[in-house]
Amino acid sequence: MGTYIVQGGRRIEGEFCVRGSKNAALPVLAACLLAEDVCVLENMPQITDVVQTLEILQELGCRVDWDGRTVMIDTKQISSFVIDNDKVGKMRSSILFLGALLGREKQAKLAYPGGCAIGRRPIDLHLAAFQRMGVEILEENCILDCKVSRIAGTQIYLPFPSVGATENILLLAVKAEGVTLIRNAAKEPEVVTLVRFLRAMGAEIYGEGTSSILVEGVSHLHGAVFTIPGDRIEGGTFLCAAAMTGGKLCLRGLEREQMGAVLEVWRMCGCRFLWEDSDTLLMEPPKCLRGDLTIVTGPFPAFPTDMQPLAMSLLTLAKGSCMISETVFEARFSQAGELCRMGADIRISGRNALIHGVDKLHGAEVSAGDLRCGAALLCAALAAEGVSLVHGSEYVERGYESIENAFSFLGGDIRLQEERNGYV
Ligand code: UD1
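What this report covers is the structure whose coordinates are included nearby. (Residues numbered from 1 in each chain as written. Predicted model: local features only at pLDDT ≥ 70, side-chain atom pairs only at ≥ 80, totals over all residues. Heavy atoms only, no water.)

Glancing now at the packing of helix 11 (residues 334–341) against helix 12 (residues 371–383). Running from N to C, helix 11 and helix 12 point in directions that differ by 20°, and their axes come no closer than 9 Å. Considering the angle they form, helix 11 stands roughly parallel to helix 12. Helix 12 is crossed by helix 11, and the crossing has right-handed handedness. Every residue of helix 12 that contacts helix 11 at S334, Q335, E338 and L339 is listed here: C373, A376, L377 and A380. (Axes fitted to C-alpha atoms, helices over the stretch in contact; angles between N-to-C directions. Helix = DSSP H or I, 4+ residues; strand = E, 2+ residues; numbered from the N terminus. Parallel < 35°, antiparallel > 145°, perpendicular 65-115°, else oblique. Left-handed = near helix turned anticlockwise from the far one by under 90°. Contact = heavy atoms within 4.5 Å.)

A few words on the nonpolar core. Counting 77 residues, the largest nonpolar core has L98, L170, F197 and L198 as its most contacted members. Per-element tally for this core: the top contributor is helix 1 (residues 22–31), with seven residues. With sequence-adjacent residues up to four places away left out, L170 is seen in contact with I182, V191, L194, V195, L198, I205, I213 and V215. Counting residues in each nonpolar core, the second largest holds 73 residues, with L249, M283, M342 and L416 among its members. (Core = buried A, V, L, I, M, F, W, Y, C linked by side-chain atoms within 4.5 Å. Buried < 20%, exposed > 50% of the residue type's maximum accessible area, 1.4 Å probe, protein only.)

With respect to topology, four strands assemble into an open sheet ordered 9-10-12-11, the strand pairing being mixed. Because the sheet does not close on itself, it has two edges, and the strands there are strand 9 (155–157) and strand 11 (204–206). Taking the axes of each pair of neighbouring strands and ignoring which way they run, one obtains an average angle of 15° across the sheet. Note that strand 9 and strand 10 (residues 179–183) share three bridges and pair parallel. Residue I156 lies in a different strand from strand 10, and its bridge partner there is I182. (Pairing = 2+ DSSP bridges.)

On to the pairing of strand 12 (residues 212–216). Burial along strand 12 is one-sided: I213 and V215 are buried, and none of S212, L214 and E216, which face the opposite way, are. Direction of pairing for strand 10 relative to strand 12: antiparallel, over a ladder of five bridges. Note that in strand 12 the partner of L181 across the bridge is L214. Taking the residues that link successive antiparallel strands as the turn, the strand 11-strand 12 hairpin has five residues, and the phi of G207 there is positive, at about 95°.

The four strands lie next to each other as 17-18-20-19, forming an open sheet whose pairing is mixed. The open sheet has two edge strands with one neighbour each: strand 17 (294–296) and strand 19 (345–349). The sheet shows a mean angle of 15° between the axes of neighbouring strands, direction not considered. Note that strand 18 (residues 321–325) and strand 20 (residues 352–356) share five bridges and pair antiparallel. For S321, the partnering residue across the bridge sits in strand 20 and is H356.

Time to look at the site of the ligand. As a matter of local geometry, the ligand sits amid 18 residues, with R92, D124, S162, D306 and V328 nearest to it. At 3.0 Å from an oxygen atom of the ligand is found a side-chain nitrogen or oxygen belonging to N23. A distance of 2.7 Å separates an oxygen atom of the ligand from a polar backbone atom of L125. Taken by itself the ligand offers 740 Å² of open surface, and the protein chains cover 85% of this. Counting residues per element, the ones that place at least two in the shell around the ligand are helix 5 (124–132) and helix 6 (163–173). (Near = heavy atom within 4 Å. Polar contact = N/O pair within 3.5 Å; in protein donor to acceptor, adjacent residues only side chain to side chain. Areas by Shrake-Rupley, 256 points an atom, 1.4 Å probe, with all protein chains shown as cover.)

For the rest of this paragraph, the subject is helix 9 (residues 260–268). Within helix 9 the residues assigned to the buried category are V262, L263, V265 and W266. Looking straight down helix 9, one finds that the buried residues subtend no more than 160° of arc, so they occupy a single side. Turning to helix 9, the residues buried within the fold contact helix 8 (232–245), strand 15 (272–277), strand 16 (280–284), strand 17 and helix 10 (308–315). Following helix 9 by one or two positions, G270 has its phi on the positive side, about 110°. (Arc of directions from axis to C-beta.)

Here the focus is the pattern of salt bridges. A side chain of one charge can pair with a side chain of the opposite charge when the charged atoms of the two come close. Taken as a whole, this structure holds 18 salt bridges when the rule is applied. K22 is paired through a salt bridge with D49; the nearest N and O atoms lie 3.7 Å apart. Within this pair, whereas K22 is found in helix 1, its partner D49 is found in helix 2 (residues 48–59), the two being separated by 27 residues in sequence. By relative accessible area, which is 9% here, K22 ends up buried. (Salt bridge = Lys/Arg side-chain N within 4 Å of Asp/Glu carboxyl O.)

Quick look at unusual backbone geometry now. For the bond running from F300 to P301, omega is 15°, close enough to zero to count as cis. Looking at the element boundaries, P301 is found in the loop between strand 17 and helix 10. Of note, E36 is a non-glycine position whose phi angle comes to about 50°, a positive value. With respect to the helices and strands, the residue E36 is situated in the loop between helix 1 and strand 3 (38–42). Even without glycine at this site, N184 takes up a positive phi of about 60°. Summarising the element assignment, N184 is placed in the loop between strand 10 and helix 7 (189–200).

Put into structure tokens, the structure is as follows:
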């Protein structure tokens, strides 16, 4: 637990290479279980969600060696199919171990997963799909006890293109007997990354990045060497801080086709972009950010819900009025009240937020309620006049590798004070 102490008013500018993507890394780590072999993963971000996922793998009996950004995972032998309640409670993505363990051991036991406090986040789509594939699910005291004698390939229609459900179905379907067709599958880049990794392990999958994914089950997968792609949300976070503080930025390690909806919004605010190579993005901010726009979050390629708190932070300083509609999660505006403490003018009505741009924000003591809320508050604090205290570093650290060092490197005045015995 800790607090960021930020002296605002300095430009975030310069050159930076984004780190590996959290949301791509977590399903890939779960998929390693299916290899029954050694997997080597490069460009692994050093964030707490990854550390906790590696701890789950170790508790299952896998060997994990971490060297810089390279992780070697040996899943030849595992000694358990039960995942510790405490871990599952903290991290929603641990639900992906259900598909991976069932694919490997034909049984799995874990508690209902947790994660950031951004709405109900049920797992009914995961469970309904598993049942269609032959999995028996017993539920007692919030513990899911699952087993399957024959994993049956089948057709699955997802009523909503859930990222996690698509990934979980993939993790089970690669080991199914026969063909599985996922209709209305998620098209997110992180799903595409998981498919590429599974394919490198010997899986037969077609159609990733479209709404129909076809999987031909195989009896055996093998180890693979794989590089985690750059984090589009981390990239968007730096674009937010630079645009709010008026700094020019050069970001490396991004994939152009993943950034479309985000860059479109930043462009409407007056930012200009140039792709130098397919992975290097230059941004020049305007003298004054423009508003009068509407953002509607949605499944890829629409505007990502993970960038919504950051976009709200950006728009607090844009001239004019803007509307944000959050269609993916029902409670994802926890940053709004905190931004208002810094002088922002935001009104929330259900899933909509109305933002009237102000000339400046001022430093304040605020608290992060979840990961992206924390990042949005840090961007606001960097742009504000005066000093801000942003509590809740433990949320930010779930998905950002020492963000205080990254922002300092880019010119920000920010440091992290760890809390000891409740004192900062
Ligand atoms: C993943 C990302 C998260 C991102 C989200 C949407 C990871 C680790 N997390 O989360 O950062 O914000 O995608 O892009 O990759 N839903 C159901 N029933 C289900 C599953 C989902 O109703 O069984 C609903 C959820 O409550 C939510 C919506 O579908 O309202 C989207 O959820 P989903 O796409 O599954 O998000 P996650 O995979 O949890």
